[in-house]
Amino acid sequence: MRRTATGLLLLMAAAFVALQLLRGSHPAWGYAIAFTEAAMVGGLADWFAVTALFRRPLGLPIPHTAIIPTNKDRIADTMAVFLKDNFLTPQVVARRLVGFNLAAAAGTFLADPDRSGQSRLRAGAANLLADVLESLDPERLGTQVRAGLVHQLEKIELSPLLGQMLSAAIADRRHLPLLEGAIRWAGNALEANEDLVRAMIRERANSLLRFAGLDTRLANAVLDGLYKLLAEMVVQPDHPLKLKIETMMEELAHNLVHDPATRLKVERAKLDLLANPAVSEWWQSVWERLRRSLIEAARNPNTALGTRITGMLGELGQALRQDPALQLQINRFARRTLVGVVSRYGDEIVRIVSETVKRWDAHTVTARIEGAVGRDLQFIRINGTLVGGLFGLAIHAVERFL
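Is there a simple way to explain the overall build of the protein chain in this structure?
Per the secondary structure count, the protein chain includes 20 helices and zero strands. Each of the 402 residues in the protein chain was classed as buried or not, and the buried ones make up 29%. Within the protein chain, contacts between residues separated by at least 24 positions form 70% of all contacts whose residues are at least 6 apart in sequence. Carbon and sulfur atoms form 64% of the exposed surface of the protein chain, whose accessible area is close to 26400 Å².

Explain the side chain of lysine 270 to me, please; I cannot follow it from the model alone.
Relative to the assigned elements, lysine 270 resides in helix α15 (residues 260-275). We classify lysine 270 as buried; its relative accessible area is 7%. Apart from the residues lying within four places of it in its own chain, the contact partners of lysine 270 are Leu153, Glu154, Ile156 and Leu158.

It is not clear to me how the side chain of serine 354 should be interpreted in this structure. Could you clarify?
If you trace the backbone, serine 354 turns up in helix α18 (residues 324-359). In this structure serine 354 touches Ala76, Asp77 and Ala80, once residues within four positions along its chain are discounted.

Could you clarify how one ought to interpret the nonpolar core in this entry?
Nonpolar side chains tend toward joint burial in soluble globular proteins. Among the nonpolar cores identified, the biggest contains seven residues, and these are Ala80, Leu88, Val93, Leu97, Val339, Val342 and Val350. At the level of secondary structure, the elements contributing two or more residues to this core comprise α5 (90-97) and α18. Looking at this core element by element, the count peaks at three residues for α18. Sequence-distant contacts of leucine 88, defined by excluding residues within four places in its chain, comprise Leu83, Val342, Gly346, Ile349 and Val350.

When you look at helix α9 (residues 158-171) in this model, what are you seeing that I'm missing?
Over its 14 residues, α9 runs 20 Å from end to end, which matches the ideal 20 Å to within 8%, given 1.5 Å per residue. Those residues of α9 lying buried are Ser159, Pro160, Gly163, Leu166, Ala169 and Ile170. Lining the buried residues of α9 we find α14 (240-258) and α15. Two residues or fewer past α9, arginine 173 is found with a positive phi of approximately 60 degrees.

Is there a simple way to explain the pattern of salt bridges in this structure?
Where side chains of opposite charge bring their charged atoms close, a pairing between them can arise. Evaluation of the coordinates by the stated rule reveals four salt bridges. Residue arginine 263 is joined to glutamate 157 by a salt bridge in which the shortest nitrogen-to-oxygen separation is 2.8 Å. Highlighted residues: arginine 263 in helix α15 and glutamate 157 in the loop between α8 (138-155) and α9, separated in sequence by 106 residues. Looking at arginine 263, the relative accessible area reads 24%, which means it is partly exposed. Taking the shortest distance from any N to any O, the salt bridge between glutamate 348 and arginine 351 comes out at 2.4 Å. Pair noted here: glutamate 348 and arginine 351 are both in helix α18, with a separation of three residues, about one helical turn. Where salt bridges share partners, they join Glu348, Arg351 and Glu355 into one cluster.

Where do I start with the packing of helix α1 (residues 2-21) against helix α2 (residues 27-54) in this structure?
Each pair of packed helices can be summarised by the angle the axes make with each other and by the distance between the axes. Between α1 and α2, the least distance of the axes is 9 Å, while the angle of their chain directions is 145 degrees. Like other packed secondary-structure pairs, α1 and α2 cross with a definite hand, here left-handed. Between α1, through Leu9, Met12, Ala13, Ala15, Phe16, Leu19 and Gln20, and α2, the contact on the second element is made entirely by Trp29, Ala32, Ile33, Phe35, Thr36, Glu37, Ala39, Met40, Gly43 and Leu44. Its residues placed into classes, the contact of α1 with α2 shows 13 nonpolar, three polar and one charged.

Quick question: what am I supposed to make of the environment of arginine 375 here?
Examined against the element boundaries, arginine 375 turns out to sit in helix α20 (residues 375-401). Judged by its relative accessible area of 53%, arginine 375 falls in the exposed class. Taking the C-alpha atoms as reference points, arginine 375 and methionine 1, 374 residues apart in sequence, are found 6.2 Å from one another.

I'm lost on the layout of surface pockets in this one. Help?
One water molecule sets the probe size; rolling that probe over the atoms shows where empty space is left. Taken as a whole, the largest pocket holds about 220 Å³ of empty space. Lining the largest pocket are 13 residues, and of these Val150, Leu153, Leu273, Leu274 and Val279 lie nearest its centre. Where the lining of the largest pocket is concerned, the elements lending two or more residues are α8, α15 and α16 (277-299). A total of five residues in the lining of the largest pocket trace back to one element, the largest contributor, which is α15. When the residues that make up the lining of the largest pocket are grouped by side-chain class, the tally is 11 nonpolar, no polar and two charged.

Is there a simple way to think about a nonpolar patch on the surface in this case?
Judged by side-chain polarity, Val222, Leu226, Leu229 and Leu241 come together as a nonpolar surface patch covering roughly 260 Å² of accessible area. It is helix α13 (residues 214-235) that contributes the most residues to the nonpolar patch, three residues altogether. Note that leucine 229 resides in helix α13.

Is there a simple way to explain the packing of α1 against α20 in this structure?
Two elements in contact, α1 and α20, have axes whose closest approach is 8 Å; the angle formed by their N-to-C orientations is 20 degrees. It follows from the interaxial angle that α1 and α20 lie roughly parallel. Note that α1 runs across α20; the crossing there is left-handed. Between α1 and α20, the contacting residues are Arg2, Thr4, Ala5, Thr6, Leu8 and Met12 on the first element and Gln378, Arg381, Ile382, Thr385 and Leu386 on the second. Of the residues assigned to the contact of α1 with α20, the class counts are five nonpolar, four polar and two charged.

What am I meant to see in the environment of leucine 166 here?
Mapped onto the elements of the fold, leucine 166 is located in helix α9. A sequence separation of 88 residues divides leucine 166 from histidine 254, and the C-alpha atoms of the two residues are 9.1 Å apart. With residues near it in sequence (within four places) discarded, leucine 166 still touches Met249, Leu252 and Ala253.

Rules used in this analysis
Residues numbered from 1 in each chain as written. Predicted model: local features only at pLDDT ≥ 70, side-chain atom pairs only at ≥ 80, totals over all residues. Heavy atoms only, no water. Helix = DSSP H or I, 4+ residues; strand = E, 2+ residues; numbered from the N terminus. Buried < 20%, exposed > 50% of the residue type's maximum accessible area, 1.4 Å probe, protein only. Contact = heavy atoms within 4.5 Å. Areas by Shrake-Rupley, 256 points an atom, 1.4 Å probe, with all protein chains shown as cover. Core = buried A, V, L, I, M, F, W, Y, C linked by side-chain atoms within 4.5 Å. Expected span 1.5 Å × (residues − 1). Salt bridge = Lys/Arg side-chain N within 4 Å of Asp/Glu carboxyl O. Axes fitted to C-alpha atoms, helices over the stretch in contact; angles between N-to-C directions. Left-handed = near helix turned anticlockwise from the far one by under 90°. Nonpolar A, V, L, I, M, F, W, Y, C, P; charged D, E, K, R; others polar. 1 Å grid on protein atoms, 1.4 Å probe; cavity = no way out; pocket = protein on both sides within 12 Å on 5 of 7 lines; lining within 4 Å. Points joined across faces, edges and corners; volume = space filled by probe spheres on them. Patch = residues over 30% accessible without salt bridge, like charges linked within 9 Å, V, L, I, M, F, W, Y side chains within 5 Å. Parallel < 35°, antiparallel > 145°, perpendicular 65-115°, else oblique.

This is the structure in structure tokens:
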């Protein structure tokens, strides 16, 4: 457009010269010369005006030229004041947000599973989670998480909780599978260590029994008796030993809740366990595996984590779109939040705008404003050339009639 405007000006100049050289006696020549002459004046005047806004015409130090780069600091302050007075006042923000249902718009956006923006939102949230986990020091973060858990566990008295859980399990007979599992485990352990049991019995038998070979029979009898006892405990619900164990479990549940000595022992055991370095090393390894799994799941959109994020976003969108009460609360919260932000930080925002523009050099300010206005600047030159020519025609016509 700059070349077009300049070309039109040169065309008027060439036409003016040609008409002067070929000037005849016909009255039309005067009109044509008047048009080209006035068009040159209009084009040159508007070229000067447009150029003077951004730079000095032909590099000459003409007063009141290069207006924008010379006054960029004042322009920055004026822009900041304009922004603050017309956009960043609590009254303006509140008025513009009254009829805007932010919650419903967000719900419509999130509830559409085929919307590409939602996919980008999901990917952005997942990548943000992965970036945060990767950027933080794994050992330090794991230590901080462990310290937080330890601090919370230290404040919780475990003994009453364990006692109540055990009492509830006994009342609902949910302890029986655990008890039977322990009995079966004892039977398997005994079977796997028969040779050790026989050796122990043989070592403790006197020499007379070993000489008579009765130590082997004694070991067989002991093992058979133990196997029989364990089998009877499994198949007989009311076995005396099983009932005795259940009674002991009930006493333990009662003591965990009501006996100060038992509660003190549990607390000491808990603190000793939390202070054990082995527990710290175990937690660090667990945390590292958990962290790497989360990073891998977040990076891969096809994992359960990505699917879960999508489902959560969809559910949130449906709730926002269908629940008027929730919309009212969120819109009210958003309106109050934005108005509060403007009230507290409006001056800081406009100050940032002003200082940013002031830090720009003159060339940057000129290029950005000129680029923002764009083609219209050159249309000013073109219009000036054509309108000047038309005024030249009008003036020449008035001159002829007078």
